[in-house]
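Residue-level listing of the chains:
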Amino acid sequence: MHEIYTYTVPMFIKMLGGLKNVLVKAESHLRETGKSEELFMNESLAPDMFPLVRQVQIACDNAKGAVARLAGVDMPKFDDTEKTFAELYARIDKTLDFVQSVPESAFAEAADRKVTLPYFPDKYMTGFDYAREYVIPNFLFHVVTAYAIVRKEGVSIGKADYVNGLPFRDLEA
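Presented here is an overview of the structure given in this document. (Residues numbered from 1 in each chain as written. Predicted model: local features only at pLDDT ≥ 70, side-chain atom pairs only at ≥ 80, totals over all residues. Heavy atoms only, no water.)

## Considerations on the packing of aromatic side chains
For any pair of aromatic rings, the description consists of the separation of the ring centres together with the inter-plane angle of the planes.
No. 1: Counting across every chain of the model gives seven aromatic pairs.
No. 2: When the ring of tyrosine 130 is compared with that of tyrosine 134, the centres are 5.8 Å apart and the planes differ by 20°; the resulting orientation is stacked. One end of the pair is tyrosine 130 and the other is tyrosine 134, both in helix α5 (residues 127-152) and four residues apart, which spans about a single turn.
No. 3: Aromatic pair tyrosine 147 and tyrosine 162: ring centres 5.9 Å apart, planes at 65°, arrangement edge-to-face. Taken together, the residues span a long stretch of sequence, with tyrosine 147 in helix α5 and tyrosine 162 in helix α6 (residues 159-163) at a distance of 15 residues.
No. 4: Classification of tyrosine 147 as buried rests on a relative accessible area of 14%.
No. 5: Members of the aromatic cluster, connected to one another through ring pairs, are Phe40, Phe85 and Tyr89.
No. 6: Over the face of the ring belonging to phenylalanine 50 we find arginine 54, whose NZ or CZ atom lies 5.7 Å from the ring centre. (Phe/Tyr/Trp six-rings, centres within 6.5 Å; stacked < 30°, edge-to-face > 60°. Helix = DSSP H or I, 4+ residues; strand = E, 2+ residues; numbered from the N terminus. Buried < 20%, exposed > 50% of the residue type's maximum accessible area, 1.4 Å probe, protein only. Lys NZ or Arg CZ within 6 Å of the ring centre and 35° of its normal.)

## Quick word on the packing of helix α1 (residues 3-33) against α5
When two helices pack together, their arrangement is given by the angle between the helix axes and the distance between those axes.
No. 1: Look at α1 against α5: their axes get within 10 Å of each other, and the N-to-C directions meet at 10°. By the angle between their directions, the pair α1 and α5 is classed as roughly parallel. Across the interface between the two elements, Glu3, Ile4, Tyr7, Thr8, Met11, Phe12, Met15, Leu16, Leu19, Val22, Leu23 and Ala26 of α1 pack against Gly127, Phe128, Ala131, Val135, Ile136, Phe139, Leu140, Val143, Ala146, Tyr147 and Val150 of α5.
No. 2: Its residues assigned to classes, the contact of α1 with α5 shows 20 nonpolar, two polar and one charged. (Axes fitted to C-alpha atoms, helices over the stretch in contact; angles between N-to-C directions. Parallel < 35°, antiparallel > 145°, perpendicular 65-115°, else oblique. Contact = heavy atoms within 4.5 Å. Nonpolar A, V, L, I, M, F, W, Y, C, P; charged D, E, K, R; others polar.)

## Some thoughts on unusual backbone geometry
No. 1: The phi torsion at aspartate 122 lies on the positive side, around 65°, for a residue other than glycine.
No. 2: Among the structural elements, aspartate 122 can be located in the loop between β1 (114-115) and β2 (125-126).
No. 3: One non-glycine residue, asparagine 164, adopts positive backbone phi at about 60°.
No. 4: Inspection of the secondary structure assignment puts asparagine 164 in the segment after α6.

## Looking at the pattern of salt bridges
No. 1: Inspection of every chain in the model, using the stated rule, returns 15 salt bridges.
No. 2: In this structure, lysine 25 and aspartate 161 form a salt bridge, with 2.6 Å as the shortest nitrogen-oxygen distance. Residue lysine 25 is located in helix α1, and its partner aspartate 161 is located in helix α6; the two are separated by 136 residues in the primary sequence.
No. 3: Residue aspartate 61 is joined to lysine 64 by a salt bridge in which the shortest nitrogen-to-oxygen separation is 3.8 Å. Of this pair, aspartate 61 and lysine 64 both sit in helix α3 (residues 52-71), three residues apart, roughly one helical turn.
No. 4: On the accessibility criterion, aspartate 61 (22% relative accessible area) is partly exposed.
No. 5: Take lysine 64: its relative accessible area is 5%, and that puts it in the buried class.
No. 6: Through salt bridges with shared partners, one network takes in Arg54, Asp61, Lys64, Asp80, Glu82 and Arg91. (Salt bridge = Lys/Arg side-chain N within 4 Å of Asp/Glu carboxyl O.)

Next comes the structure, spelled out in structure tokens:
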């Protein structure tokens, strides 16, 4: 197994699945309360923070960007035009499709790969540092911020929705 693959790709898949489930609960809550979908999509935690829709877009961008950069493959381009739950579900699904399409073997050189980011010109990180120091914390920040916005709006979700399951096994007697 390739270490970087092991601690990124499965986590992206799990957490994006949980994010989608949180959004499904939010959409159901909207139907019950009659709140506008447009208003809900534009809710944020603070005036200077991105709204819900952007948090989801960035979480998806982090996952697909990390997989592409670490595996050395072309990154798909998604337009940031989502305005509805259905469109966010589709973006998450497209992200998951891409993330799952890249074979683990493509991560063989990931740890030592030079990773550059367009907003840090003339700088690079090793793939190991990029995964550990940048992409995992950034990805989780945007997932948890989306979760927090949904919770702030009164949707009945809890930590279990964020965690999206644990790999418990039965103790042997």
